[in-house]
Amino acid sequence: MVDMKQAPIVEITFNGLRTAEREYELDVIVFATGYDAMTGPLMKFDIHGKGGVTLKGKWAGGTKTKTYLGVANASFPNMFMITGPESPSALSNAPVSIEQHVEWIADCLEYLHTNDIDTIEASVEAEEVWSKHCQEVAEATLFTKTDSWYTGANIDGKPRGFLIYLGGVGAYRQKCDEIAAKGYEGFTLKSSQMNRD
């Protein structure tokens, strides 16, 4: 293991690479340059919600990221995220979490269709409560106390934050199921025929 901050790569050589300290002979070089986890891809899309607000603007460039269950956002009706910020996402078995989100969203869409509901949108209050819960759970761990890609430390200038739900996949799935069973509690549902909260 070499700390690239202490001994940065100077050049790629015929036999491998040279750092500021010495040359390393290598068979393969994998360029893993880091990635902008949790919010990066979502903020790079030019996603607009109600009143023309962008997701990047709503999240204040990442300093005020809040979601409801990691699948929805207030002011962004009919927009769902899969393994988004404040879901178990990166600290879970990703295919299982993706599958759970896809199935939950598909069931939600079926519910909307069956009940002639045109739009679904997370409420500001539900988003606030969920985000606060996520932060409280995270603060009880060491994840928030160190620099890592989990906190965005691998991206220069990215606001630091921990945006992964750490309450466990089982508890998370149960919470999602409870919300669905209560007619999508925490969401505002609107129909062209009637309005429901």
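For the structure itself, consult the block above.
Quick summary incoming for the structure in this document. All of these numbers come straight from a predicted model, not from anything done at the bench. (Residues numbered from 1 in each chain as written. Predicted model: local features only at pLDDT ≥ 70, side-chain atom pairs only at ≥ 80, totals over all residues. Heavy atoms only, no water.)

1. A closer look at the overall build of the protein
Summing up its helical and strand segments, the protein has five helices and six strands in all. The order of helices and strands in the protein, counted from the N terminus, is β-β-β-α-α-α-β-α-α-β-β. Relative to a compact globule of 197 residues, whose C-alpha radius of gyration would be 16 Å, the protein shows 21 Å and is clearly more extended. Residue pairs at least 24 apart in sequence account for 57% of intrachain contacts in the protein once pairs closer than 6 positions are excluded. When the accessible surface of the protein is split by element, carbon and sulfur atoms take 54% of a total near 11600 Å². (Helix = DSSP H or I, 4+ residues; strand = E, 2+ residues; numbered from the N terminus. Rg over C-alpha atoms; globule rule 2.2 N^0.38 Å. Contact = heavy atoms within 4.5 Å. Areas by Shrake-Rupley, 256 points an atom, 1.4 Å probe, with all protein chains shown as cover.)

2. Some points on the side chain of Lys158
Residue position: Lys158 is located in the loop between helix 4 (124–139) and helix 5 (169–181). In contact with Lys158, not counting residues within four places along its chain, are Asp36, Ala37, Thr39, Gly40 and Gly152.

3. Points about the state of the cysteines
Counting across every chain of the model gives zero disulfides. The cysteine Cys108 is free of any disulfide, with Cys176 supplying the nearest cysteine sulfur at 11 Å. Here Cys108 falls in the buried class, since its relative accessible area comes to 0%. With no disulfide partner, Cys134 has as its closest neighbouring cysteine sulfur the one in Cys176, 10 Å distant. By relative accessible area, Cys134 is classed as buried at 1%. (Disulfide = S-S within 2.5 Å. Buried < 20%, exposed > 50% of the residue type's maximum accessible area, 1.4 Å probe, protein only.)

4. Details of the sheet that holds strand 3 (residues 23–25)
Read from one edge of the open sheet, three strands run 1-2-3, paired in antiparallel fashion. Both outer strands of the open sheet, strand 1 (9–12) and strand 3, are each paired with one neighbouring strand and no more. Averaged over all adjacent pairs, the angle separating strand axes in this sheet is 25°, with direction ignored. Here strand 1 runs beside strand 2 (residues 16–19); their pairing, made up of three bridges, is antiparallel. If you follow Glu11 over to strand 2, its bridge partner there is Arg18. (Pairing = 2+ DSSP bridges. Axes fitted to C-alpha atoms, helices over the stretch in contact; angles between N-to-C directions.)

5. Re the nonpolar core
Counting residues in hydrophobic clusters, the biggest one holds 21 residues, and the most contacted among them are Tyr68, Leu69, Trp104, Ile120, Trp130, Tyr172 and Phe187. Elements represented by at least two residues in this core include exactly helix 3 (94–114), strand 4 (119–122), helix 4, helix 5 and strand 5 (187–190). With four residues, the single largest contributor to this core is helix 3. Among the nonpolar cores identified, the runner-up in size contains eight residues, and Leu42, Met43, Ile47 and Phe76 belong to it. (Core = buried A, V, L, I, M, F, W, Y, C linked by side-chain atoms within 4.5 Å.)

6. Some words on helix 3
Given a rise of 1.5 Å per residue, 21 residues ought to cover 30 Å, and the 30 Å separating the end C-alpha atoms of helix 3 matches this to within 8%. When we look at burial in helix 3, the residues that qualify are Ser97, Gln100, His101, Trp104, Ile105, Cys108 and Leu112. With its buried residues spanning 125° around the axis, helix 3 presents them on a single face. More than 90 degrees from the buried face of helix 3, the exposed residues found are Pro95, Asp107, His113 and Thr114. Looking one or two residues past helix 3, Asp116 carries a phi angle of roughly 50°, positive in sign. (Expected span 1.5 Å × (residues − 1). Arc of directions from axis to C-beta.)

Honestly, that's just the spatial picture; any functional story needs more than this.
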